[in-house]
Amino acid sequence: MHPLERILRFRRLTEQQARRELERATQLLRAATAACEQQSAIVAEQRASLAHSWVRENAGSKNQVAEVVTAKGPNMNDPDANNLGTPEGGMRGWLIEEAALEFSGWDRAQLEQVCATEARRIEPLVARYIECRRSLRQTEQLIEQRAELARVERERRMQAEADEWFLQQNIRRSRREERA
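Just so you know, these numbers come straight off a predicted model, no measurement behind them.

(A) Fine view of the overall build of the protein chain. Counting its regular elements, the protein chain contains three helices and zero strands. In sequence order, the secondary structure elements of the protein chain are arranged as α-α-α. Considering the protein chain as a whole, with its 180 residues, one finds that 19% of them fall into the buried category. The contacts in the protein chain between residues at least 6 apart in sequence include a share of 80% that link residues at least 24 apart. Taken as a whole, the protein chain presents about 13500 Å² of accessible surface, with 55% of it coming from carbon and sulfur.

Here is the structure:
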């Protein structure tokens, strides 16, 4: 095996390894991004719920609150479910929703940090993969050039052998003519 072919084999393996590392890191970034988007949707939903409960609380009408509670199907085992019509019960529910929104916001912030960290982690992997691809392509080009040179040399030798054969034929013919 020619040394260039061994180098090519090594560079192919290196390129495959760099590609797989990049793919794994990209999958982690995609998962983190999807989780961040999901958390953003949860935060938006909780904000809408919080705004709805605030509107409900400020509406002041027990009938409106009762309609909303009936539509949602309250849990009768929940102590706040029976007190939603009262200002104290409504305030507790609103505070619970606000706390849940705050926790979701923290989760989202942490997920955004994870996404940023994964994105920074991918940058050197991309650079490494590109460098491995470049090295592999250069080696492939060297092998192609070597093969082209070998082909040209082979054709030149074949042409030289053909020329030598015809030259020998002419010499033999001219000797025969001299003898005759």
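There is more to say after this.
(B) Geometry of the environment of Val-43. As for its placement among the helices and strands, Val-43 is situated in helix α1 (residues 3–59). Exposure remark for Val-43: the relative accessible area of 7% places this residue in the buried category. Those residues in contact with Val-43 that lie beyond four places of it in its chain are Leu-101, Ser-104, Gly-105 and Arg-108.

(C) Up close: the nonpolar core. Counting residues in each nonpolar core, the largest one holds seven residues, listed as Ala-18, Leu-22, Ala-25, Ile-122, Leu-125, Tyr-129 and Cys-132. Non-local contacts of Leu-22, meaning those with residues more than four positions away in its chain, are made with Ile-122, Leu-125, Val-126 and Tyr-129.

(D) Region of interest: the pattern of salt bridges. Within the structure shown, the criterion is met by 13 salt bridges. Glu-140 serves as the salt-bridge partner of Arg-12, at 4.0 Å between the closest nitrogen and oxygen. One end of the pair, Arg-12, is in helix α1; the other, Glu-140, is in helix α3 (residues 87–179), and 128 residues separate them in sequence. What makes Arg-12 partly exposed here is its relative accessible area of 41%. Among the ionic pairs, Arg-157 bridges to Glu-153, the shortest N-O distance being 3.7 Å. Here Glu-153 and Arg-157 lie together in helix α3, a separation of four residues that amounts to about one turn. By relative accessible area, which is 48% here, Arg-157 ends up partly exposed. Accessibility expressed as a relative area gives 26% for Glu-153, which makes it partly exposed.

(E) Expanded view of the packing of aromatic side chains. All chains considered together, the criterion is met by one aromatic pair. Taking the centre distance of 5.0 Å and the plane angle of 80 degrees together, the rings of Trp-165 and Phe-166 count as edge-to-face.

(F) Quick look at the side chain of Glu-15. As for its position among the elements, Glu-15 is in helix α1. A relative accessible area of 8% means that Glu-15 is categorised as buried. Not counting chain neighbours up to four residues away, the residues in contact with Glu-15 comprise Tyr-129, Cys-132, Arg-133 and Leu-136.

(G) Seen up close, a positive patch on the surface. Taken together, Arg-172, Arg-173, Arg-175, Arg-176 and Arg-179 make up a surface patch of like positive charges. When you line up the elements, Arg-172 lands in helix α3.

Reading the values: the criteria
Residues numbered from 1 in each chain as written. Predicted model: local features only at pLDDT ≥ 70, side-chain atom pairs only at ≥ 80, totals over all residues. Heavy atoms only, no water. Helix = DSSP H or I, 4+ residues; strand = E, 2+ residues; numbered from the N terminus. Buried < 20%, exposed > 50% of the residue type's maximum accessible area, 1.4 Å probe, protein only. Contact = heavy atoms within 4.5 Å. Areas by Shrake-Rupley, 256 points an atom, 1.4 Å probe, with all protein chains shown as cover. Core = buried A, V, L, I, M, F, W, Y, C linked by side-chain atoms within 4.5 Å. Salt bridge = Lys/Arg side-chain N within 4 Å of Asp/Glu carboxyl O. Phe/Tyr/Trp six-rings, centres within 6.5 Å; stacked < 30°, edge-to-face > 60°. Patch = residues over 30% accessible without salt bridge, like charges linked within 9 Å, V, L, I, M, F, W, Y side chains within 5 Å. Lys, Arg positive; Asp, Glu negative; His and termini not counted. Charge placed at Lys NZ, Arg CZ, Asp CG, Glu CD.

Remember, this is a structural readout, not a statement about activity or role.
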